[in-house]
Amino acid sequence: MKKVEIEGKLNTSIIYVGEKIDNVWKYIKNKNTVVLIDSKFYNIYKKRLNFDKIIKIDSEERKKNLKTVTRIVKKLIDFQVDRKTFILGIGGGVITDLTGFIGSVFMRGVDFGFITTTLLGQVDAALGGKNGVNYDGYKNIIGTFNQPDFGISDINVLKTLSEEHIINGIAEVIKYGLIYDSEFFDFIEKNYDEILELNKDIIEHIVYKSSKIKADVVNEDEEEKNIRKILNFGHTFGHAIEREYGLLHGKAVSIGMIISIKLSNKLDYISEKKYQRIIKLFDLLKLPQSIDFDEEKIFENLKKDKKKEDDGIKFILLKDIGKSVIKNYSFDELRNLYKQITW
Ligand SMILES: NC(=O)c1ccc[n+]([C@@H]2O[C@H](COP(=O)([O-])OP(=O)(O)OC[C@H]3O[C@@H](n4cnc5c(N)ncnc54)[C@H](O)[C@@H]3O)[C@@H](O)[C@H]2O)c1
């Protein structure tokens, strides 16, 4: 097991990569715990979980909203919780986003932690203290920055995930190599087949390495005023595609990254040789690269991005494998640039 520490303004979080779900009680100080758990995960693993106050939630993006928050709050009140109650979220990104939000606002904040059960959650969603819910087509528009007390990333539970949810997580893993660490990109390239076969040691390494990179970036800039913006690589178009076509987050981000990589190549930041190398790895990892989208709708949708500033956006491009750059573009400039891409 390896530890990664994330320091937030309100709280410091320790992520235990490779810890087992059965050991969760080692990390909870208060026995008065309420669990918010993904229903599917509960059905598979209930025999290994030893809790009596459980709220089951169907993890669906369309249900990550205030209505679900209200339903959970009602149940917390039924359980007669108080400010010392610990809230444990067990599930993927939908559950960790909901748990972090409720833990931050319920009774003005109670202690909370996560057992993260999807690859996307372990390498991204459950790390860094962003939480939130969607509202009226705007993704994660209501939320806070607040780190959980701890996160457990048990690699063993990933084996019950569907292949599409593994691919979904791999998209965020490759992102770290592309924007931050060329050696990590080399590692992914060298071990792509073991990654797809879910080789435990290799997966544990990529979860650890991804957590470490995200922690390094968040520790420098928790509230995304500067360097944390690079983690949005692929997310500008990705979020618009996710909202418009209902694709899984990682898959939409994968297509968004391809658009950014093509633009980086067009602008001569990324050589043709490196561009081809990246595309080959996307192919090998079965990452989606395009979708037949309605350009008008996607560019309208980009304006719903909560990261927009006036009539433009900070857009992340690659300078090299392992090196990213933040550029300011108006929506018109971005659209003109986009038109130069060839598919
Ligand atoms: N806060 C952040 O920084 C951040 C970053 C990225 C993504 N997100 C959010 O994360 C969410 C997506 O997360 P996700 O991809 O983990 O999706 P998810 O939470 O919906 O889980 C995916 C599916 O896997 C199932 N599942 C979970 N664990 C399982 C297991 N071990 N075995 C079998 N099935 C299992 C769930 O029931 C669900 O059907 C989105 O809402 C996105 O906005 C947040």
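Anyway, here's the lowdown on the structure attached to this text. On a predicted model such as this, the values are computed, not experimentally measured, just so you know. (Residues numbered from 1 in each chain as written. Predicted model: local features only at pLDDT ≥ 70, side-chain atom pairs only at ≥ 80, totals over all residues. Heavy atoms only, no water.)

So, the overall build of the protein chain
At step 1: A tally of regular secondary structure across the protein chain gives 13 helices and 11 strands.
At step 2: A compact globule built from 343 residues would reach a C-alpha radius of gyration of about 20 Å, and the protein chain, at 20 Å, matches this within 12%.
At step 3: For the C-alpha atoms alone, the extent of the protein chain along its principal axes is close to 60 × 40 × 35 Å.
At step 4: Looking at the 343 residues of the protein chain, the share that counts as buried comes to 55%.
At step 5: Pairs at least 24 apart in sequence give 72% of the contacts found in the protein chain among residues at least 6 apart.
At step 6: Entry remark: accessible area of the protein chain is about 15,400 Å², with carbon and sulfur atoms responsible for 46%.
At step 7: Averaging the coordinates of the 56 positive side-chain charges in the protein chain and doing the same for the 52 negative ones gives two points 4 Å apart. (Helix = DSSP H or I, 4+ residues; strand = E, 2+ residues; numbered from the N terminus. Rg over C-alpha atoms; globule rule 2.2 N^0.38 Å. Buried < 20%, exposed > 50% of the residue type's maximum accessible area, 1.4 Å probe, protein only. Contact = heavy atoms within 4.5 Å. Areas by Shrake-Rupley, 256 points an atom, 1.4 Å probe, with all protein chains shown as cover. Lys, Arg positive; Asp, Glu negative; His and termini not counted. Charge placed at Lys NZ, Arg CZ, Asp CG, Glu CD.)

Re a positive patch on the surface
At step 1: Judged by side-chain charge, Lys-46, Lys-47, Lys-56, Arg-71 and Lys-75 come together as a positively charged surface patch.
At step 2: Tracing the backbone through its elements, the reader meets Lys-56 in strand S4 (residues 54-57).
At step 3: Judged by relative accessible area, which is 42%, Lys-56 ranks as partly exposed. (Patch = residues over 30% accessible without salt bridge, like charges linked within 9 Å, V, L, I, M, F, W, Y side chains within 5 Å. Salt bridge = Lys/Arg side-chain N within 4 Å of Asp/Glu carboxyl O.)

Structural notes on the side chain of Glu-19
At step 1: Within the secondary structure, Glu-19 is located in the loop between strand S2 (12-17) and strand S3 (33-38).
At step 2: Within polar-contact distance, the side chain of Glu-19 engages the side chain of Asn-23 at 2.8 Å.
At step 3: Setting aside residues no more than four positions away along its own chain, Glu-19 makes contact with Met-1, Lys-26, Tyr-27, Ile-152, Ser-153 and Asp-154. (Polar contact = N/O pair within 3.5 Å; in protein donor to acceptor, adjacent residues only side chain to side chain.)

Some thoughts on the site of the ligand
At step 1: Lining the immediate environment of the ligand, one finds 26 residues, of which Glu-61, Thr-117, Thr-118, Lys-139 and Thr-160 sit closest.
At step 2: At 3.1 Å, a backbone N or O of Val-94 approaches an oxygen atom of the ligand.
At step 3: Lys-139 is positioned such that a nitrogen or oxygen atom in its side chain is 2.8 Å from an oxygen atom of the ligand.
At step 4: Protein chains shield 92% of the accessible area of the ligand, which is 870 Å² for the free molecule.
At step 5: Classifying every residue of the shell around the ligand gives 7 nonpolar, 10 polar and 9 charged. (Near = heavy atom within 4 Å. Nonpolar A, V, L, I, M, F, W, Y, C, P; charged D, E, K, R; others polar.)

Things to note about the sheet that holds S2
At step 1: Spatially, 7 strands are ordered S1-S2-S9-S6-S5-S3-S4 in an open sheet, and the strand pairing comes out mixed. The open sheet has two edge strands with one neighbour each: strand S1 (2-7) and S4. Each strand axis lies, on average, 15° off the axis of its neighbour in the sheet, ignoring direction.
At step 2: Bridge analysis of S1 against S2 gives 6 bridges, and the strand direction is antiparallel. By the bridge assignment, Lys-2 is partnered in S2 with Val-17.
At step 3: Sitting on the sheet, helix H2 (residues 66-78) is in contact with S3, S4 and strand S5 (86-91), with an inclination near 165° to S4. (Pairing = 2+ DSSP bridges. Axes fitted to C-alpha atoms, helices over the stretch in contact; angles between N-to-C directions.)

A look at the packing of helix H10 (residues 249-266) against helix H11 (residues 272-284)
At step 1: Two elements in contact, H10 and H11, have axes whose closest approach is 10 Å; the angle formed by their N-to-C orientations is 170°. Classified by the interaxial angle, the pair formed by H10 and H11 is roughly antiparallel. Contacts from Ser-254, Met-257, Ile-258, Ile-261, Lys-262 and Asn-265 of H10 reach H11 at Glu-272, Tyr-275, Ile-278, Ile-279 and Phe-282. (Parallel < 35°, antiparallel > 145°, perpendicular 65-115°, else oblique.)

What to know about the pairing of strand S10 (residues 312-320)
At step 1: Alignment of S10 against strand S11 (residues 323-330), held across 8 bridges, turns out to be antiparallel. Counterpart to Leu-318 in the pairing with S11 is Ser-324.
At step 2: What sits between S10 and S11 in their antiparallel hairpin is a turn of 2 residues, with Gly-322 showing a positive phi close to 95°.

Description of the packing of helix H12 (residues 295-302) against helix H13 (residues 331-338)
At step 1: Orientation of H12 relative to H13, taken along the N-to-C sense of each, is 145°, at an axis distance of 11 Å. Considering only the axes of H12 and H13, their crossing is right-handed. Contacts between H12 and H13 pair Glu-295, Glu-296, Phe-299 and Leu-302 from the former with Phe-331, Leu-334, Arg-335 and Tyr-338 from the latter. (Left-handed = near helix turned anticlockwise from the far one by under 90°.)

A short note on the environment of Tyr-42
At step 1: Mapped onto the elements, Tyr-42 comes out in helix H1 (residues 39-45).
At step 2: For Tyr-42, a relative accessible area of 18% corresponds to the buried category.
At step 3: C-alpha separation for the pair Tyr-42 and Glu-272, spaced 230 residues apart in sequence, amounts to 47 Å.
At step 4: In this structure Tyr-42 touches Ile-37, Ile-54 and Lys-56, once residues within four positions along its chain are discounted.

Observations concerning a nonpolar patch on the surface
At step 1: Judged by side-chain polarity, Leu-66, Tyr-135, Tyr-138 and Ile-141 come together as a nonpolar surface patch covering roughly 350 Å² of accessible area.
At step 2: Assignment of secondary structure puts Leu-66 in helix H2.

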